[in-house]
Structure formats: C-alpha cells, structure tokens
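The primary structure of each chain is shown beneath.
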Amino acid sequence: MNTEEAWVLDVAVQTPAHAGLGDLLSYAHTADLPAGTLVRVPLGRREVLGVVWGSRAAEGGQALLDGSLADADGVLLRPVSAALDALPPLDAHWRALVAFAARYYQRGLGELALAALPPQLRELDSTQLARRLKRRDRKAQLAAASEDGAARAPACEAALAPSPEQSAVLAALEAERTQGQAPRPALLFGSTGSGKTEVYLQAVARCLAADPAAQALVMVPEINLTPQLEARFRTRFAALGEGAVVALHSGMTNPQRLQSWLAALTGQARIVLGTRMAVFAPLPGLRLIVVDEEHDPSYKQQEGARYSARDLAIWRGQRQGAQVLLGSATPSLESWHHSRPAEGEAPAGRYLRLHMPSRIGAGELPRVRLVDMQQQPPKTLISAGLLEAMTQRIARGEQCMVFLNRRGYAPVLACTDCDWKSECPHCSAFRVFHKIDRTLRCHHCGFTERVPRACPTCGNPDIAPVGRGTERLEEQLAALFADIRRPDGGAVRIARIDADSTRHEGALEAQLAQVHSGEVDVLVGTQMIAKGHDFRRITLVAAVNPDSALFSSDFRAPERLFGLLMQSAGRAGRDSAWLAAQGSRAEMWIQSFHPQHPLFEALRGHDYPRFAAQQLKEREAAAMPPFAFQALVRADARTQEAAQAFLNAAGDAAEGLPGADEVMRYPAVPLAVQRVANVERAQMLLESGSRAALQRLLAAWQPVLQELRRGPAGQGLIRWLVDVDPQSI
Ligand code: ADP
Ligand code: ZN
Ligand code: ZN
C-alpha cells in the first residue's frame, strides 16, 4: 500500500481499568471507516473488538509491507485486522452517550463502549454477522408476506379504554411531545394499581404510530420479576410483526442478546424492553424512553462502571430528542424534587409532574394498621390481632402476604454456653443459617459449610438460631396455622418466594402461577414479592419486622423502606370488584417497636407527598442529595490501615486541584461490612453543592490517584474505584 491510501483510525478498545493507556488507540487501515464502525484490532498478543471513534488521512508517514504504518514521528501503528462493516455504524447519539457515561462515571471510554456491546460480537467475523442479519431480514419478510396473503388478524390484545386520569396523562404527554421544543422528562406519580402500565402501553403505541421509524425503550428494574409485563407488550404489539418487541437483559443467552441488539441497531425492533443495560442499546429511531419504578435501586449498576440507568435515560432522551417518562408510586426524592411545581418566587423543577391518585375500578388503597410491639408479650412473632385477621381472611378464601426482608432461617447461629457465633472466617459478618440444607452460608462471600454438630469452640451440642429469616417465618407460620382450615376444609397452604426458593430456572414463574391460581393461602417472602406483581386475591399484606431501616446510618434507608412498604401495600386488594363482592377491605399490617415514627404516620395516609416533604426538608437542612452531589472513593486492601492510608493520601493530594475548594472531603472510614472475602474495604465521601465542581475535581484527580497507587501510598492496595452519585453510603 502507499501513503495516499493510508488512514489512521482512533479506536476505542477495552483496556484493563486504570492501565494508563489513553482512551483511544490508533491503528492503520487502507481505507477510511466511518465513526461507529466495529473493528477487530490487535492489542498486545490478542485480537480484540473495538469501535472506530475517529479517523484521519495519514500524512507524511510510511506504510510498511505488513500493513502497519510508521507515522511522521516514527511511531509504529499496527493495522486493523478486520472491519465488521456488514453492520451499520453505531450512530453519533450512541457514541455521545457512551462518551458521556465514561466521563461522568470516571471510567475508560473503551471499557464502557465494549461493556455496552453484546458479548457474542467478540466471537463473530463480518461474514457471520452478515449472515445473521440476513436471517433476521428473511424472517421479517416471511412474517410480513404471510400477513398480506392470509389477511389474518394477528393475535393482538386491544387497548383498554383509558380511565379519565389515564386520558389526562396521555394527553399531557402528547402535548409535551408535540409542543415544538424538546420534551421535558415527565414523572408519572401514580398510586399502585392506578394503571401506569396501561399508560406506558398507550404512550408507546401513540409514539410508534406517529412515525414508522420510531423506536421506544421500556426499562424495568428486574425483568425476571415481571414476566407478566413482557407478555403484555408482546400481545399488545403483535400487529407490528414478529421481532418488533425484543427483550434485553442479563438473563438471556448470548445469542439471544445479540439478536435483540441487532434488531435494535437496524431499527427492526420497534420496542426494546429491558433492564438497566438496555439504556445502552443502539436505537437510531429512539422517540420514547419509559423508566418503570424509576426509584428502584437496581437501576444503579454496582460494579464496573457504576452508572445510573435512570439518569442516563434522562440524559439520552434530552440529547436524542426523545421523550422520557419516569413512573412510580414512590418516586425517588431526586425525581420528586426535579418535578416540583413553582412556589412563590421559586421556579418549577425541570421535569413535568403528572399524577394518577386513584386505583382503577375505584378501589381503595388498603387500610394501614400499626401494631405496637412494645405492648405485645416478649418474643411475639405475629401479634394476636394480626393472627386473627389472617385466620379470617383464609377462612373466606382470601390470600395473605407476609413480608420479611431477610432470607435464610436465622441470621446467626450461636452457642448457648460460650460466645461462639457463626462468623464468616473471611468477612466481618455472620453466616446465615439455612435449615433446608443445614448449611451456614455467608451472604457476602458465598463461603458455605455444613452446620457443625456441636459448638466448634467448646463442644456444646446446644447451638441455637438467633433471629429469624423467611425460612423460619414460613415454619413458624405453619405451626401457628396448623389447626386452621381453608373454606374447603383443607390445611392452610404456605409458600415462600425469595432468592433461595427461586434459584432454579422457571421456579419463580411456577411459584407465582401457584399464587395466581389460588393454590396458596399465605405467601411469605422478601422484597421479591413486594414489587410489581398484579396479584388478584391477596387482601392482607403484613410487614412483620421493618424497624431496622429506621435507624440505619444510610440516609437513604427511610426512603427505601417507605417505597418498599408502599409497594407491598400495593399488592393487596387489587381487584376491587371482587373485594366488594367479598364484603372485605384490604389491609396492610405493620408490626413495629416505633409505631409513632413519622414514616409510619405518612404511610398510614398513603401520603407519599407528606413523606417526601419531611425527607426533603431534612435533606435540605443537612445539605444532602438532591441539594448536594456526592461521590465515594473506595479502596480495597490487604489491611484496613492500607486502605485508609491510600484514601487519606488521595485526599491530601486533592488539595489545590480544580474544583477542590468547592468539594467537601470527609475522612476515610471502613465500610459497614468492613471485610469481605479477606479484603478490607474503606471509603471516602466527597460532597459538593456543585455537580460541575465535583466533576472537575474527579477528572483532575483520576491521574493523581493512578500515580499514588504506584507509589508508597499504594502499598497493599488491591483496587480503588469511584462511585458517582452512590445509592448507598
Ligand atoms: P400499576 O402499574 O399502576 O400498579 P397496573 O398497570 O398494574 O397498575 O394496573 C392495575 C390493574 O388495572 C391491572 O389489572 C390492569 O389491567 C387494570 N387496568 C389498567 N388500566 C385499565 C383501564 N383503563 N381499564 C380497565 N382496567 C385497567
Ligand atoms: Zn460454645
Ligand atoms: Zn464471607
């Protein structure tokens, strides 16, 4: 080749985190390739996938026979191995999103870009990809042809006639979309059972009808928990043809994920339904993003690039001109604050707030009953009143749900003679007793052993469970209801749903089906059962021990508890017509040692705005989010001293950096669970009233931290990372 035909391509590749390589690597190629093209390039001795980010004609360099290029300064550029140009390039919107996320969350551009691509892309060459694309096309054509030929009506669920509140919300969304300027993000604050899903379905339908190339992204916190939702989207939009609705989440196989991703990229998929990772789907026609349960903590990725998919959805929507619809019965305080109405001098927030207070079918929200556990005999599990209420419901053929956010049989096993407890040898935490398989399992590192026959320290055979998890609750409820009968004379049937009972594929679906079909009288479980499910026969929900979150050191704990309890309450009494026919009213029972706590007072009135106002007042007074911005720098090391020493040295080194004078740096402290898998963990909190200042400091700090890690301050350090806008402190 000669120099006239030589091009230098800047390619994003996945380099090891903090490897000190620049964000982009340069390669030689015989042709120009548009930005966004996928390529395979050599990196060290391997060949890796990369994304072209920019290109320029090579000037004054010298092309070598093997395709490498020596540039004007004599630096050798290796050639691109292959261009995957059977695929359309990833567009500028996608690249902007990835670049923003990398910058904002302090990660490598290549790391983020590659993490956003389906893993299987790494294995296929251009011909194989071209074949896969063709296969998709053919499928779509066949489907279209058979529809024309037979003029068959596709199995398609009709839209429900919207309630007045749903109509008003849909009209407001449409007005916002068509007012000529970029639509503001909208927060749909709708009670549980107010019909938010129907709003999503119809908003998506309207947006797709307006433009044949339009695409919609619908995000949910955990798709496995809501198989119902996916089914509803598929049947509702069956008329769009096969492949028009695709899913994107980590429970899929690599080939499935690639198929969905290709469909999104080529525009064949009109609707992408996915979890947080779907925010990075290539969607050239994106017009609408729905974020269901927008307050859910699982939108925040907890490893690698710790991004918030909700926040990125808002950023992406605004950049790409797509409408963003956040939905929740208990919005995050951030979104609530950003959607505040104008008040006196203070201007309104930048989001639009929409409200659906009523339940569909004029159903009432459950009555909240607080049980003061101080007034109960010591060691009461289920208060007499709650037991009586559950018994009556079971006798009427209604279902009850008992919620406890701790799985396993008991959180600790202890010797009754000496002070032995089931500590994990690798973590600063107790191992949980699982009675089903008689194991002690560490929920932090996974270390599992058979339960010892006797105390390992003193040999006492009498070792006993302390406290209670869902397994034990299930067992104790079975004992309490042993003499109670169902309407058909049979014994009370109790089922448990938590991460342990649903480990096997299909187990959750099977268990949920049992609840829906009425085979279960009492459902016991963790937060898995509190979220989203449209149970029709549950009329009583009980939280038996929610107190610990009231006094957590994490300032977001009350917000999470309130959301969880409201969600749980939302599972009761969802079929108002049936409830009325039963002559029954739904109830939410809460057992607490602090029934006067303002959180419960607000809950009693189903009054999220009141709760939010309380919390926001406290947050504002203490200058905490959303009135301030935070980041955590975390260090993992062999010893706690080493972890803290690194952070404190990093803190000192931040002095004088851009933004530092506007960012408060707290001293390094151990994490709540300080040691996991023999690694000591510490963190340092940064806080600022200015997001820009915090970002400036983090950007300037990054190279300093990398330098420190290589010096004496990095002794014994295993890794460090930055968490921007952390969800838990
Ligand atoms: P949310 O997500 O707000 O908790 P859902 O979307 O699950 O509420 O709706 C609650 C129930 O009301 C569902 O069974 C749904 O099918 C039903 N529903 C929603 N909208 C309508 C409507 N317009 N007409 C009749 N039923 C509706
Ligand atoms: Zn002992
Ligand atoms: Zn452990």
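Described below are features of the structure shown in this document. Just so it is clear, the model here is predicted, and its values are computed rather than measured.

**Section: the overall build of the chain**
Summing up its helical and strand segments, the chain has 18 helices and 31 strands in all. A compact globule built from 729 residues should have a C-alpha radius of gyration of about 27 Å, and the chain, at 28 Å, falls within 12% of that. Seen through its principal axes, the chain has C-alpha atoms that stretch 90 × 75 × 60 Å. Burial analysis of the chain (729 residues in total) assigns 53% to the buried set.

**What to know about the coordination of the zinc ion (ligand 2)**
Those donors, C415 (SG), C418 (SG), C455 (SG) and C458 (SG), are the protein atoms that reach the zinc ion (ligand 2), and they lie 2.3 to 2.4 Å from it. Coordination at the zinc ion (ligand 2) comes from 4 donor atoms whose angles at the metal span 105 to 114 degrees, giving a geometry best classed as tetrahedral. For C418, a relative accessible area of 25% translates into the label partly exposed.

**Focus on the coordination of the zinc ion (ligand 3)**
Bound to the zinc ion (ligand 3) are the protein donor atoms C424 (SG), C427 (SG), C442 (SG) and C445 (SG), situated 2.2 to 2.3 Å from the metal. Around the zinc ion (ligand 3) sit 4 donor atoms, and with donor-metal-donor angles ranging over 106 to 111 degrees the site reads as tetrahedral. Counting gaps between the donor residues of the zinc ion (ligand 3) yields the pattern C-x2-C-x14-C-x2-C. Remark: C445 occurs in the loop between β20 (439–441) and β21 (448–450) and C424 occurs in the loop between β18 (412–415) and β19 (432–434); sequence separation between them is 21 residues.

**Looking at the packing of helix α1 (residues 92–104) against helix α8 (residues 309–320)**
Taken N-terminus to C-terminus, the directions of α1 and α8 make an angle of 140 degrees; their axes are 10 Å apart at the nearest point. Compared by their axis directions, α1 and α8 come out oblique. Seen along the crossing, α1 lies across α8 with a hand that is right-handed. Touching H93, A96, L97, F100 and A101 of α1 are L312, W315, R316, R319 and Q320, all from α8. Tallied by class, residues from the contact of α1 with α8 come to 6 nonpolar, 2 polar and 2 charged.

**Brief notes about the environment of R634**
Counting through the fold element by element, R634 comes out in strand β27 (residues 629–637). For R634, a relative accessible area of 15% translates into the label buried. Considered as a pair, R634 and P79 are 555 residues apart in the sequence and their alpha carbons are 39 Å apart. In this view, R634 contacts R306, L647, L671, R681, A682, Q683, R719, W720 and L721; residues no more than four positions away in its chain are not counted. Side chain to side chain, R634 and D636 meet in a polar contact 3.1 Å long.

**Describing the pattern of salt bridges**
Side chains that differ in charge, positive against negative, can pair when their charged atoms come close. Applying the stated rule across the entire model yields 46 salt bridges. In this structure, R56 engages D10 in a salt bridge whose closest nitrogen and oxygen atoms are separated by 3.1 Å. Of this pair, R56 sits in strand β4 (residues 46–57) while D10 sits in strand β1 (residues 7–13), and the two are 46 residues apart along the sequence. A residue is classified by how much of its surface remains accessible, and R56, at 41% relative accessible area, is partly exposed.

**Thoughts on the sheet that holds strand β3 (residues 38–43)**
Strand order in the open sheet formed by 5 strands is β2-β1-β4-β3-β8, and the pairing between neighbours is antiparallel. Only two strands of the sheet have a single neighbouring strand rather than two, namely β2 (24–29) and β8 (82–83). Pairing of β3 with β8 involves 2 bridges; the strand directions are antiparallel. Bridged to V39 within β8 is A83.

**A closer look at the site of ligand 1**
What surrounds ligand 1 is a group of 18 residues, the closest being A161, Q166, G193, K196 and D534. Within the backbone of A161, a nitrogen or oxygen atom sits 2.8 Å from a nitrogen atom of ligand 1. Here G193 contributes a backbone N or O atom positioned 2.6 Å from an oxygen atom of ligand 1. Isolated, ligand 1 exposes 560 Å² of accessible area, and the fraction of that covered by the protein chains is 78%.

**Notes on the nonpolar core**
L38, L117, W261, F280, L565 and W701 are the most contacted members of the largest nonpolar core, which has 129 residues in total. In this structure W261 touches L38, L87, L90, A116, L117, P118, L121, L248 and P282, once residues within four positions along its chain are discounted. C207, A214, L229 and F237 belong to the second-largest nonpolar core, a separate cluster that totals 29 residues.

**Quick look at helix α18 (residues 691–710)**
Residues three or four positions apart in an α-helix share a direction because the helix packs 3.6 residues into each turn. Given a rise of 1.5 Å per residue, 20 residues ought to cover 28 Å, and the 29 Å separating the end C-alpha atoms of α18 matches this to within 8%. When the local axis directions of α18 are compared, the greatest deviation, roughly 35 degrees, occurs at W701, which is followed within four positions by the proline P703. Buried residues of α18: A693, L694, Q695, L697, L698, W701, Q702, L705, Q706 and L708, and no others. Next to the buried residues of α18 lie α1, β27, α17 (640–654), β28 (663–665), β30 (679–688) and β31 (717–724). Taking the backbone nitrogen of A692 as reference, a side-chain oxygen 3.3 Å away marks S690 as the first, capping residue of α18.

**Description of unusual backbone geometry**
Residue P626 is bonded to the preceding P625 through a cis peptide linkage, with omega at 5 degrees. Mapped onto the elements of the fold, P626 is located in the loop between α16 (608–621) and β27. The backbone of Q106 shows a phi angle near 60 degrees, a positive value even though the residue is not glycine. Of note, Q106 is situated in the loop between α1 and α2 (109–115). The buried category is assigned to Q106, whose relative accessible area is 8%. Although it is not a glycine, H606 adopts a positive phi angle of roughly 50 degrees.

**Details of the environment of P88**
By the element assignment, P88 lies in the loop between β8 and α1. According to the relative accessible area criterion, P88 is partly exposed, its value standing at 34%. In this structure, the C-alpha to C-alpha distance between P88 and L38, residues 50 residues apart in sequence, is 9.0 Å.

**Remarks on the side chain of S191**
Mapped onto the elements of the fold, S191 is located in the loop between β9 (186–190) and α5 (196–209). Assessed through its relative accessible area of 15%, S191 is described here as buried. Discounting residues that sit within four places of it in the chain, S191 has contacts with K196, A329, M356, P357, S358 and L365.

**A word on the pairing of strand β13 (residues 286–292)**
Buried residues dominate β13, accounting for 6 of its 7 residues. In the sheet, strand β10 (residues 215–219) pairs with β13 via 5 bridges, with the strands oriented parallel. Bridging from a neighbouring strand, V218 pairs with V290 of β13. Read as a crossover between parallel neighbours, the route from β13 over α8 to strand β14 (residues 323–328) is right-handed.

So, how was this worked out
Residues numbered from 1 in each chain as written. Chains lettered and ligands numbered in written order. Predicted model: local features only at pLDDT ≥ 70, side-chain atom pairs only at ≥ 80, totals over all residues. Heavy atoms only, no water. Helix = DSSP H or I, 4+ residues; strand = E, 2+ residues; numbered from the N terminus. Rg over C-alpha atoms; globule rule 2.2 N^0.38 Å. Buried < 20%, exposed > 50% of the residue type's maximum accessible area, 1.4 Å probe, protein only. Donors = N, O, S within 2.8 Å, 3.2 Å for Na, K, Ca; no water. Tetrahedral: all angles 85-135°; square planar, octahedral: opposite > 155°, others 65-115°. Axes fitted to C-alpha atoms, helices over the stretch in contact; angles between N-to-C directions. Parallel < 35°, antiparallel > 145°, perpendicular 65-115°, else oblique. Left-handed = near helix turned anticlockwise from the far one by under 90°. Contact = heavy atoms within 4.5 Å. Nonpolar A, V, L, I, M, F, W, Y, C, P; charged D, E, K, R; others polar. Polar contact = N/O pair within 3.5 Å; in protein donor to acceptor, adjacent residues only side chain to side chain. Salt bridge = Lys/Arg side-chain N within 4 Å of Asp/Glu carboxyl O. Pairing = 2+ DSSP bridges. Near = heavy atom within 4 Å. Areas by Shrake-Rupley, 256 points an atom, 1.4 Å probe, with all protein chains shown as cover. Core = buried A, V, L, I, M, F, W, Y, C linked by side-chain atoms within 4.5 Å. Expected span 1.5 Å × (residues − 1). Bend = angle between axes of the 7 residues up to and from the residue. Right-handed = clockwise from strand over helix to strand, strands pointing away.

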